[in-house]
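Next come the chains, spelled out residue by residue.
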Amino acid sequence: MTRLLHISDLHFGAVDAGLCEPLLALAEALRPDAVIVSGDLTQRAQVDEFRAAADYLAQFAVPVLAVPGNHDAPLVNLAERLLTPFRRYRRHFSDLVEPKLTLPRAVIVGVNTANPLVWKAGRLSPASAAQLAEGFRVVPAGMARVAVLHHAPMPAADGTPADIRDPAGVIADLVAAGVEVVLSGHTHMPHFTVADTAAGILFLQVGTAISTRLKTGLNDVGVVDFTANGATVQSWVAGPDKMFRQTTEQRFSRVDGRWQLEAAASIPGVGHVGLSAGDEVVQPVTDAVIQSGGLELGKPPLP
C-alpha cells in the first residue's frame, strides 16, 4: 500500500497557528509515504511567507511534493509577476515548480496551473501537459498515475464552475497523459463525500489545511491509500479544538479503466443516500452529517 497525505492552501501569512502542530501530529500518526501540497503555500508570495512554508514542510518526516498556486506569484509587483512570477517560489522554497515523485504504488507528477496573467483562474499550458505525458510515459503496471494541480477542471463542491481555462480541454490533456487521479485545491471547499469522476479520472479536492481563510467554516486534509485493486479516500476535518478527526471514507475499485465506488460512509458509519456499491460516481454528493457540522455552500470563491 502507498499512502498520501493531501493538503492544500496553507496560505502562510494567514495561518491558524493552532492547527500547525495537530497537522504534524496527524502525519506522524498516519505515517504517509509522502505529503502532497496542491498549491497556495503563501498568502502574498512574500519572502518570509515562503521561508515559513519551507520551514514548516521540512518538519514532515517523509518526502513532500508541492506545486505553486495563484497566491504564490506576486500580486502588486506587476513587473515581477509578468516576467519572473515564480522567482520567489524557486529561490525561497523549491527550484522545482513541476516535480515528480515515484512511490511503490504511485507515480506522482505535479504541474503548475497558476496563470500570472490573471489573478485567480488557472490554466494547463501545452508545456505542462507535455510534462505530464512525459512523467507518465513509462509507468509499471499496478502503479497509480497521480497528477497534482492547484486548479481542478471539475466544479467545486457547491457546483461553482471550474476555475481553469478550457476545463474540457484540460480533461482531454489529462486523459492523453494517462492520468488516473488528480489531487487539487484552490476552492477552499473539499468534496467531503464522494469525489467526481470524469473520463476515467478520479478528482479529489481538499479545502484549506491550516489557513484562516475558510469558506466552509472547517479546515480539512485528505488521505489516499493506493492498493493493487484500487484506492481508499478519507477526509479529516479539524474541530473547534483544532484536532483533526476522520469524517468520511470512500473505497474505489478500478475496472476497465473506470473508477467505481465500492463503499462510502461517514464516521461513524452513516451511509450516503443514493449511492450503492458498484456505482460509477459522476457528481459530488453533499453529506448531511458534515453539512450540519458547519459546511456552508453557495459562497463566492475566495480571491
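Placed above this text is the structure.
Here is what the cut-offs are and how they apply
- Residues numbered from 1 in each chain as written.
- Predicted model: local features only at pLDDT ≥ 70, side-chain atom pairs only at ≥ 80, totals over all residues.
- Heavy atoms only, no water.
- Helix = DSSP H or I, 4+ residues; strand = E, 2+ residues; numbered from the N terminus.
- Buried < 20%, exposed > 50% of the residue type's maximum accessible area, 1.4 Å probe, protein only.
- Polar contact = N/O pair within 3.5 Å; in protein donor to acceptor, adjacent residues only side chain to side chain.
- Contact = heavy atoms within 4.5 Å.
- Salt bridge = Lys/Arg side-chain N within 4 Å of Asp/Glu carboxyl O.
- Core = buried A, V, L, I, M, F, W, Y, C linked by side-chain atoms within 4.5 Å.

Q: Pulling in residues and values, what's your account of the side chain of histidine 6?
A: When you line up the elements, histidine 6 lands in strand β1 (residues 2–7). By relative accessible area, which is 1% here, histidine 6 ends up buried. A polar contact of 3.5 Å, which involves the side chain of histidine 6, links it to the backbone oxygen of serine 184. Residues within four places of histidine 6 in sequence aside, it is in contact with Ile36, Ser38, Leu183, Ser184, Leu204, Val206, Val221 and Gly222.

Q: So what about the pattern of salt bridges? Which residues, and what values?
A: Pairs can form between side chains of opposite charge once their charged atoms are near each other. Considering all chains together, one arrives at 9 salt bridges under this definition. Arginine 145 is the partner of glutamate 180 in a salt bridge, and the nearest nitrogen-oxygen pair spans 3.5 Å. One end of the pair, glutamate 180, is in the loop between α6 (167–177) and β7 (181–184); the other, arginine 145, is in strand β6 (residues 144–148), with 35 residues separating them in the sequence. Residue glutamate 180 is classed as buried on the basis of its relative accessible area of 13%. Overall, the relative accessible area of 22% leaves arginine 145 in the partly exposed class. A salt bridge links aspartate 241 to arginine 245, with the nearest nitrogen and oxygen atoms 2.7 Å apart. For aspartate 241, a relative accessible area of 39% translates into the label partly exposed.

Q: So what's going on with the nonpolar core? Residues and values would help.
A: With 33 residues, the main nonpolar core has Leu5, Ile7, Leu23, Tyr56, Phe60, Ile210 and Val221 as its most contacted residues. If you list the elements that add at least two residues to this core, you get β1, α1 (20–30), β2 (34–38), α2 (47–57), β10 (219–227) and β11 (230–238). Broken down by element, this core gets its largest block of residues, 6 residues, from α1. Apart from residues lying up to four places away in sequence, valine 221 is in contact with Leu5, His6, Ile7, Leu23, Leu26, Val206, Ala209, Gln234, Ser235, Trp236 and Phe244. Core analysis: the next-biggest nonpolar cluster, separate from the first, contains 23 residues, Ile36, Leu101, Ile108 and Val181 among them.

Q: Tell me about α6, and name the residues and values.
A: Among the residues of α6, Gly169, Val170, Ile171, Leu174 and Ala177 are the ones counted as buried. On the buried face of α6, the contacting elements are α5 (126–135), β7, β8 (196–198) and β9 (201–205). One or two steps after α6, the chain reaches glycine 178, where phi turns positive at roughly 85°.

Limitation: the analysis is restricted to geometry and does not speak to function.
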